[in-house]
Amino acid sequence: YEQNWKASSRKTQIDNIERYCVTLLKDVPLAQIDRFQLQRIANGLAQKYSSSVVAKFVTWSRAILEEAVDQDFLSKNPARKLSIPETRAENKRFLKIDEIPQVLRRLPFREELILRITLVLGLRPGELFALRWNDIEGYSLRLDEATVDGKVYPKLKTKQSRGYVVLPASLRASLAEWKSMQKSASGDEFIFPNCRGGVHRVDNYRADVLRPALNKIAEETGIGGIDFRACRRTCATHLSQYGGVKEVQAHLRHSRATTTLEVYIQEIPEAVRQAVEDLDAALTVSDEGDDDDRNS
């Protein structure tokens, strides 16, 4: 099935199947794999990982073992009736407005700029590190590449991901300052290259640079739980105060509004909050009137 997967996600897909399916069962003869054994594995994964990891294990196990049935290695698929167990609550961390300057001012200029771009533009890390200087087009930033495992692909996560995002004046100024600090920064070169001028591996940058810096800030300020996903969530949550779900969806380039609303926007919109306040006021007034009638 490899050729049916996008080149940008193929290696990650294979690595995940190896990690979450093959490795867990590699010592078990195919004919001895049973439903209860698979369910125990799914239950164990649910205690450590998110619902998406558990769902992938179940889906991949069914598909792999169904192929074994098709090739007459098994008479029936032991994963057919697997259920997806309840997982731990998903981390929905986002930064409050007053936390952001406390974090940014403690970071080196490059890391501050990277986090600001993620907070304001909501870019995925694979999109951010694939940015080149010629992607800056006036008041816009072009997104047409992404990096996975140190390689750059001309495809993004979804069709909606490809396009342009607004580049605010303060970020344009900071990018110009960053460009002036680089020895060679023009045209096709990456905006945030690795030490050899190539594309950063996201995992390496996260582990070697960003996480240690943020852990130190957490020790100093108590502001923890920050990562790229939390920054993207922060962008969605606070942008929702200035525009509707459709505007936030367009800015984050989600294919579905439900993803924007259910996964990324973490605060109740002011309009909803005000509507509930109005309802409460109306019901309270009505209730007080009833009390007066009863007392009379």
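## Here's the deal with the overall build of the protein chain
- Regarding its fold elements, the protein chain presents twelve helices and five strands.
- Put simply, 64% of the contacts in the protein chain that link residues at least 6 apart link residues at least 24 apart.
- When the accessible area of the protein chain is evaluated, it comes to approximately 17,600 Å², of which 51% is carbon and sulfur surface.

## Remarks on the packing of aromatic side chains
- All told, the structure shown has five aromatic pairs when counted by the stated rule.
- Taken together through their ring pairs, the aromatic side chains of F109, W178 and F192 make up a single cluster.

## Observations regarding the sheet that holds strand β1 (residues 136–137)
- In space, the three strands of this open sheet follow the order β1-β2-β5, with antiparallel pairing throughout. The open sheet has two edge strands with one neighbour each: β1 and β5 (163–166).
- Judged from the four bridges that link them, strand β2 (residues 140–143) and β5 form a sheet pairing that is antiparallel. Note that in β5 the partner of R142 across the bridge is Y164.

## With respect to the packing of helix α2 (residues 35–48) against helix α3 (residues 51–70)
- Between α2 and α3, the least distance of the axes is 9 Å, while the angle of their chain directions is 155°. The angle between α2 and α3 places the two elements in the roughly antiparallel class. Where α2 crosses over α3, the two elements pack in a sense that is right-handed. Taking contact as the criterion, the partners of L38, I41, A42, L45 and A46 in α2 are, on α3, V54, F57, V58 and L65.
- When the residues that make up the contact of α2 with α3 are grouped by side-chain class, the tally is nine nonpolar, no polar and no charged.

## Quick notes on α2
- Here α2 spans 21 Å end to end across 14 residues, near enough to the 20 Å set by a 1.5 Å rise per residue.
- Looking only at α2, the buried set comprises Q37, L38, Q39, I41, A42, L45 and A46.
- Sitting at the amino-terminal end of α2 is D34, which places a side-chain oxygen 3.0 Å from the backbone nitrogen of F36.

## Some details on the pairing of β2
- Pairing between β1 and β2: two bridges, direction antiparallel. Counterpart to I136 in the pairing with β2 is L141.
- Turn length for the β1-β2 hairpin, with the two strands adjacent in sequence and antiparallel, is two residues, and the turn residue G138 shows positive phi of about 65°.

## Describing helix α7 (residues 169–181)
- Here α7 spans 19 Å end to end across 13 residues, near enough to the 18 Å set by a 1.5 Å rise per residue.
- All of the buried residues along α7 are L171, S174, L175 and W178. Looking straight down α7, one finds that the buried residues subtend no more than 100° of arc, so they occupy a single side.
- In this fold, the buried residues of α7 make contact with α5 (109–121) and β1.

## Looking at the nonpolar core
- Judged by nonpolar contacts, the single largest core of 34 residues is most densely connected at V103, I117, L123 and F192.
- Of all the secondary-structure elements, those providing two or more residues to this core are α4 (99–104), α5, β2, α7, α8 (202–221) and α9 (228–239).
- Per element, the largest residue contribution to this core is six residues, and it comes from α5.
- Apart from the residues within four sequence positions on either side, V103 is in contact with L95, L115, L214, I217, I223 and I226.
- By size, the runner-up hydrophobic cluster in this structure holds 21 residues, among which are A42, V54, W60 and L82.

Scoring rules and cut-offs
- Residues numbered from 1 in each chain as written.
- Predicted model: local features only at pLDDT ≥ 70, side-chain atom pairs only at ≥ 80, totals over all residues.
- Heavy atoms only, no water.
- Helix = DSSP H or I, 4+ residues; strand = E, 2+ residues; numbered from the N terminus.
- Contact = heavy atoms within 4.5 Å.
- Areas by Shrake-Rupley, 256 points an atom, 1.4 Å probe, with all protein chains shown as cover.
- Phe/Tyr/Trp six-rings, centres within 6.5 Å; stacked < 30°, edge-to-face > 60°.
- Pairing = 2+ DSSP bridges.
- Axes fitted to C-alpha atoms, helices over the stretch in contact; angles between N-to-C directions.
- Parallel < 35°, antiparallel > 145°, perpendicular 65-115°, else oblique.
- Left-handed = near helix turned anticlockwise from the far one by under 90°.
- Nonpolar A, V, L, I, M, F, W, Y, C, P; charged D, E, K, R; others polar.
- Expected span 1.5 Å × (residues − 1).
- Buried < 20%, exposed > 50% of the residue type's maximum accessible area, 1.4 Å probe, protein only.
- Polar contact = N/O pair within 3.5 Å; in protein donor to acceptor, adjacent residues only side chain to side chain.
- Arc of directions from axis to C-beta.
- Core = buried A, V, L, I, M, F, W, Y, C linked by side-chain atoms within 4.5 Å.

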